[in-house]
Amino acid sequence: MKTRNIKDLEGFCGVVLIPVFETHEKNVVPIEFHGVSVSSRVFYGKKDTYYVAEKYDCVHLFIGLGKSIDYKNLKTLMRRIAFKEKALFGKEVALMIPEVFTLQQVEATVSGLCLGTYHLGHFKKKDIHPFAEKGFELALLSKTDFSEVALRAIKIARTQIEILYLVDSPPNVVNPAYLAKWAQDSGNTYGFDTKVLDGPACKIEGLDAFLAVGKGSDKTPQFIIMNYEPSGDLPKVKHIGLVGKGITFDTGGLNIKTAAMVHMKSDMAGGAAVLGAMQLIADLKLPIRVTAIVPCCENAVDNTSFMPSDVIKSYHGATIEIIDTDAEGRLILADGLSYLIKNYKPEIIVDIATLTGSSVGTFGYECGALFTNNTTIEQKLRQSGDEIGERLWPLPLWDAYQPDIESDIADVKNYSGKPVAGAISAAKFLEYFTEKHQAWAHLDIAGVAFGDDEFAKSKHATAYGVHLLTHFIENI
Ligand code: BES
Ligand code: ZN
Ligand code: ZN
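Residues numbered from 1 in each chain as written. Chains lettered and ligands numbered in written order. Predicted model: local features only at pLDDT ≥ 70, side-chain atom pairs only at ≥ 80, totals over all residues. Heavy atoms only, no water.

Caption draft 1: The domain arrangement of the protein chain, seen in detail. Along its sequence, the protein chain is carved into domain 1 (2-141) and domain 2 (162-474). Of note, the centres of domain 1 and domain 2, computed from C-alpha atoms alone, are 37 Å apart. Between domain 1 and domain 2, the contact holds 14 residues from the first and 15 residues from the second. Surface buried jointly by domain 1 and domain 2 totals about 1,300 Å² across both partners, of which 63% is contributed by carbon and sulfur atoms. On the surface where domain 1 and domain 2 come into contact, there are two salt bridges. For the interface between domain 1 and domain 2, the tally reads five residue pairs in polar contact (both at pLDDT 80 or more). Elements with a minimum of two residues in the side of domain 1 that touches domain 2: helix 1 (71-84) and helix 2 (103-115). For the side of domain 1 that touches domain 2, the element with the highest residue contribution is helix 1, accounting for eight residues. Partitioned by chemical class, the residues of the side of domain 1 that touches domain 2 number six nonpolar, two polar and six charged. (Domains from an automatic or database assignment. Contact = heavy atoms within 4.5 Å. Buried area = accessible area lost by both parts, 1.4 Å probe. Salt bridge = Lys/Arg side-chain N within 4 Å of Asp/Glu carboxyl O. Polar contact = N/O pair within 3.5 Å; in protein donor to acceptor, adjacent residues only side chain to side chain. Helix = DSSP H or I, 4+ residues; strand = E, 2+ residues; numbered from the N terminus. Nonpolar A, V, L, I, M, F, W, Y, C, P; charged D, E, K, R; others polar.)

Set out below in structure tokens:
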């Protein structure tokens, strides 16, 4: 999708989208636009209402926004229109931008329309959405030129669509090698460096906790390392480190899952969010240095799988007692975090992972769980999430939870063995490997990465984290 600016509808012949804030049910003055007059008895901008009228060879779609609307609701509303009214659209589509719209509202609107082109039927024959056709241009009807924010909105949605595609794809397609190639290709296209350590290279490096998880799978683990440097002479820019869980399928291992295994193709959603953020950061040319690590492997069942009660080594040097092979995410993140800290020393670190069912039990599908001891990072992450509708809420990292990861036989254990505070003890485990880093945050996104909504019959990806991480980096 591209956009162009138009000042009026002279000679325009197509669909005109007209977002309208709520006026009043008993307003005596009708809403007037492009020769169409709508009585308030029929439509007055109430949320989730529409009015369609045909005039001058144009289809006018009035869209009720309610009295006010936040970023996420506006984006979802526009996604819904693009997705559900696909048959209405052709080559010519105009979006009237209300004068009261903020830049964020323009961004949410254009991003939402673009996102509406995403369809889950990857393996079906399907028609291309008119907005995704080559050469499609959305006409932005406004006195002001919004082309800059519109381009930014399209970039956000374009990367989100790629990440939706990755997370929704099955594990026999999106395996560790697929993600490694994706990272290489994205780096070449958008301008960041990608280095991938395969199984033997990881062995030489001593990434033993990561390798233990992938042992039971015939798919070679891939440890993806990406580096983005802004162009120009920017000596004082911050250096951010990102780590994302890239388990391309989580069977649970020998502690095999008894419930919801079918959804575990989404266990690389944290890693995919990091891949997407990296692409978007480079696409937006943000003035910041970023090093991102995505350890990718499959947690499979085999006679070569790691076992409960195994004691394994880690890149950090600490030994880990395996209590449960289904608590695999923290093992690969531990090596990802240690590798990042030892070799790249970033000032700020954020890891993101579909880590625990416990975080879903706590927050449901409304927000990610946020763990950090750094109040500035906490405030910036929450603010960034609130602004774009990918919310976070904090949980504690108190010392009182430390005994949950203490082992008799090894330095630490990967599970407390207790059915309580699972998201917290997982975070305490990760904290152990962060070498008391003063600006580390952990996001457990198990509840928000994959879910039910109006855009498909089955649970599917949300691309949670792509925009959040990027926006956090803009805000820091
Ligand atoms: N991938 C799962 C967590 C998960 C659960 C993600 C639900 C998305 C939706 C993780 O690897 C896992 O299995 N965690 C276990 C840990 C337990 C065995 C200590 C859990 O949370 O049950
Ligand atoms: Zn697991
Ligand atoms: Zn997992």
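Now that the structure has been shown, we can carry on.
Caption draft 2: Region of interest: the site of ligand 1. Neighbouring ligand 1 are 16 residues, the closest being Asp 250, Lys 257, Asp 326, Glu 328 and Gly 357. In this structure, Asp 326 approaches ligand 1 through a side-chain N or O atom, which is 2.7 Å from an oxygen atom. Leu 355 is positioned such that a nitrogen or oxygen atom in its backbone is 3.5 Å from a nitrogen atom of ligand 1. With the chains in place, 79% of the 520 Å² that ligand 1 exposes on its own is no longer accessible. Taken together, the residues that form the shell around ligand 1 break down as five nonpolar, three polar and eight charged. (Near = heavy atom within 4 Å. Areas by Shrake-Rupley, 256 points an atom, 1.4 Å probe, with all protein chains shown as cover.)

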